[in-house]
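Results of the structural survey
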Amino acid sequence: MEEFQGPEPRGQMMSENPRSLELNQRKWWISVFFCGFLIFAGDSLVMLLLNFFYVQDNRSESNQDRQYKGTWTQALIQNAAFPILIPFFFKFSSPNPETVSNQTNNGWFRVLSLYVSLGVLVSVYSKLYALAKLYVGWGILVSTQLILTSLFSAFINRLKFNRWIIISIIFTLAADFFGSPAFAGTPDEDETDAYDIKAWLILIFPTLAFSLSLCLMQLGFEKVLVKTKRYGNKKVFRMVLEMQICVSFIATLVCTVGLFASGEFKELKGDSERFKKGKTYYILSLVGLALSWQVWAVGLLGLVLLVSGLFADVVHMCASPVVALLVVLAFDFMDDDFGWQRRGALLGAVLALASYFYSLHKTKKKEIAELNKRENNNSEA
Ligand SMILES: Nc1nc2[nH]cnc2c(=O)[nH]1
């Protein structure tokens, strides 16, 4: 299978001719659209299956005590299906062995530290995300996530903001605020006590950890995986699969320890028996969820590699109004419709994506123009 390449490092771009740069850019655009599609598909499947799961589990009718349970299981499910990616990892072409430098011990240590720290961070946000979604205030806080990702991108990744990216962020915030999908796991408003400090921490930490992990993943691709030259000095799709497999492996270990240490594993039998449609559907819905999370994660990491952590977050958040529409069509929740607010949110998401894509289009056009200018200068000299 063919490798795809991210934007060329500057030095490399200069050695290219305009025709091959155009061809590379075409491949790059196709990859960006493909990863965006994976995020939209993953987000939709996850939300539909989560709603199915919580409806079957009778959460909305349960007492406050059971309301917040089962979150280690959900965190584990978010990460555990990574082995399905292993065959794809081996199918993607390895770069030309001549271009792969010998790994120094130091290189291996840096890669290992990167994966372990990201794995721990991912397990933290998976666990807290599962918990935070069961609180009423999560929908409001999810917009904070994009602001944090923008800040981290500016400081950690030195991302340069232009007016199109800023417009895109504003539209995305609006789209997410007004277009978030209904979720069967959220308790009724009157059941929730006033928030104490613990509740706020549970709501704020997953947004922090998620935003930070996106920016660190981008840094990891650029400063560790490319710089250690394990795949030459190119960005290739294999890196996405390698990072996803290794990070999920660590996150799975942490979540499994959490599941057993917290004693939550003892509840699994009761959960499966309480499931309205029976044990088989309980298992199938968890398997479906686990696979959908991997689809989502590969799309997300793909966009981090190809563009940036910020762009990946924008696409992920722009999926919300579409997911809300699918939930309205698939479920019969009271008071859940696709009213004017959500239609506006859908329009906001389209404008947000259009604005970011326009910014990317301008960058790519500039690259070609620069190369043409250089070629003209060379031929005149
Ligand atoms: N914190 C956090 N965790 C996630 N896991 C999947 N999506 C999200 C998200 O938007 N935020």
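Please read these numbers as outputs of a predicted model, since none were measured by experiment.

**Focus: unusual backbone geometry**
Non-glycine residue Arg 158 carries a positive phi angle of around 55 degrees. With respect to the helices and strands, the residue Arg 158 is situated in the loop between helix H7 (138-156) and helix H8 (163-179).

**Focus: the side chain of Ser 143**
Note that Ser 143 resides in helix H7. Discounting chain neighbours no more than four positions away, the residues touching Ser 143 are Leu 173, Asp 176, Phe 177 and Met 317.

**Remarks on the pattern of salt bridges**
Any two side chains of opposite charge can pair, so long as their charged atoms come close to each other. Overall, the coordinates contain 7 salt bridges when judged by the stated rule. For Lys 269, the salt bridge goes to Glu 273, with nearest N and O atoms at 3.1 Å. Within this pair, Lys 269 and its partner Glu 273 are both found in helix H11 (residues 267-274), separated by 4 residues, close to a single helical turn. With respect to class, Lys 269 is no different from Glu 273; both count as exposed. Among the ionic contacts, a cluster of salt bridges with common partners joins Asp 57, Asp 271 and Arg 274.

**Observations concerning the side chain of Ser 150**
Among the structural elements, Ser 150 can be located in helix H7. Setting aside residues up to four positions removed in sequence, Ser 150 forms contacts with Phe 161, Ile 169 and Leu 310.

**Some points on the state of the cysteines**
Within the structure shown, the criterion is met by 0 disulfides. With no disulfide partner, Cys 215 has as its closest neighbouring cysteine sulfur the one in Cys 318, 17 Å distant. Cys 215 gets classed as buried once you look at its relative accessible area, which sits at 0%. For Cys 246, which is in no disulfide, the shortest distance to another cysteine sulfur is to Cys 255 and amounts to 16 Å.

**Digging into H8**
Between the first and last C-alpha of H8 there are 24 Å, a value that for 17 residues agrees with the 24 Å anticipated at 1.5 Å per step. Residues Ile 165, Ser 168, Ile 169, Thr 172, Ala 175, Asp 176 and Gly 179 constitute the buried set of H8. Mapping the buried residues of H8 onto a view down its axis gives an arc of 130 degrees, with all of them on the same face. Relative to its buried face, H8 has exposed residues pointing more than 90 degrees away, namely Arg 163 and Ile 170.

**Quick notes on the packing of helix H12 (residues 279-306) against helix H13 (residues 309-318)**
Interaxial distance between H12 and H13 falls to 7 Å at its minimum, and their mutual angle equals 140 degrees. Put simply, H12 runs oblique to H13. Crossing of H12 over H13 shows right-handed handedness. Counted together, Trp 296, Leu 300, Leu 303 and Val 304 of H12 and Gly 309, Phe 311, Ala 312, Val 315 and His 316 of H13 form the full contact between these two elements.

**Some points on the packing of H13 against helix H14 (residues 320-330)**
Axis separation between H13 and H14 bottoms out at 5 Å; the angle between their running directions is 25 degrees. With respect to H14, the element H13 is oriented roughly parallel. Note on element contacts: H14 touches H13 through Ser 320, Pro 321 and Val 322, opposite His 316, Met 317 and Cys 318. Class assignment of the residues belonging to the contact of H13 with H14 gives a composition of 4 nonpolar, 2 polar and no charged.

**Focus: the environment of Pro 83**
Within the secondary structure, Pro 83 sits in the loop between helix H4 (71-80) and helix H5 (86-91). For the pair Pro 83 and Gln 294, spaced 211 residues apart in the sequence, the C-alpha separation amounts to 9.7 Å.

**Overview of the packing of aromatic side chains**
Counting across every chain of the model gives 23 aromatic pairs. Ring centres 5.1 Å apart and planes at 5 degrees place the aromatic pair Phe 33 and Phe 357 in the stacked group. Taken as a pair, Phe 33 in helix H2 (residues 18-56) and Phe 357 in helix H15 (residues 340-380) lie far apart in primary sequence, 324 residues in all. Where Tyr 129 meets Trp 293, the ring centres are 6.2 Å apart and the plane angle is 80 degrees; that geometry is what we call edge-to-face. Of this pair, Tyr 129 sits in helix H6 (residues 105-132) while Trp 293 sits in helix H12, and the two are 164 residues apart along the sequence. Residue Tyr 129 is classed as partly exposed on the basis of its relative accessible area, which comes to 22%. A connected cluster of aromatic rings, assembled from ring pairs, spans Trp 28, Trp 29, Phe 33, Phe 311, Tyr 356 and Phe 357. Above the face of the Phe 183 ring, Lys 133 is positioned so that its terminal group lies 4.6 Å from the ring centre. Across the ring face of Trp 28, the terminal group of Lys 364 is positioned such that the distance to the ring centre comes to 4.1 Å.

**Description of the site of the ligand**
Around the ligand lies a shell formed by Gln 78, Tyr 125, Tyr 129, Trp 138, Gln 145, Pro 206, Phe 210, Trp 293, Trp 296 and His 316. Contact distances for the ligand include 2.9 Å between an oxygen atom and a side-chain N or O atom of His 316. Burial of the ligand by the surrounding chains reaches 98%, relative to a free accessible area of 280 Å². Contributing elements (two or more residues each) for the shell around the ligand: H6, H7, helix H9 (197-225) and H12. Of the residues assigned to the shell around the ligand, the class counts are 7 nonpolar, 3 polar and no charged.

**A few points about the confidence of the model for the chain**
This prediction gives the chain a mean pLDDT of 88; 88% of its residues lie at or above 70. For the stretch residues 5-13, pLDDT sits under 50, and the model shows 24 contacts to residues farther than four places along the chain or on other chains. The ipTM assigned to the predicted complex is 0.96, against a pTM of 0.91.

Conventions adopted
Residues numbered from 1 in each chain as written. Predicted model: local features only at pLDDT ≥ 70, side-chain atom pairs only at ≥ 80, totals over all residues. Heavy atoms only, no water. Helix = DSSP H or I, 4+ residues; strand = E, 2+ residues; numbered from the N terminus. Contact = heavy atoms within 4.5 Å. Salt bridge = Lys/Arg side-chain N within 4 Å of Asp/Glu carboxyl O. Buried < 20%, exposed > 50% of the residue type's maximum accessible area, 1.4 Å probe, protein only. Disulfide = S-S within 2.5 Å. Expected span 1.5 Å × (residues − 1). Arc of directions from axis to C-beta. Axes fitted to C-alpha atoms, helices over the stretch in contact; angles between N-to-C directions. Parallel < 35°, antiparallel > 145°, perpendicular 65-115°, else oblique. Left-handed = near helix turned anticlockwise from the far one by under 90°. Nonpolar A, V, L, I, M, F, W, Y, C, P; charged D, E, K, R; others polar. Phe/Tyr/Trp six-rings, centres within 6.5 Å; stacked < 30°, edge-to-face > 60°. Lys NZ or Arg CZ within 6 Å of the ring centre and 35° of its normal. Near = heavy atom within 4 Å. Polar contact = N/O pair within 3.5 Å; in protein donor to acceptor, adjacent residues only side chain to side chain. Areas by Shrake-Rupley, 256 points an atom, 1.4 Å probe, with all protein chains shown as cover. pLDDT = per-residue confidence, 0-100.

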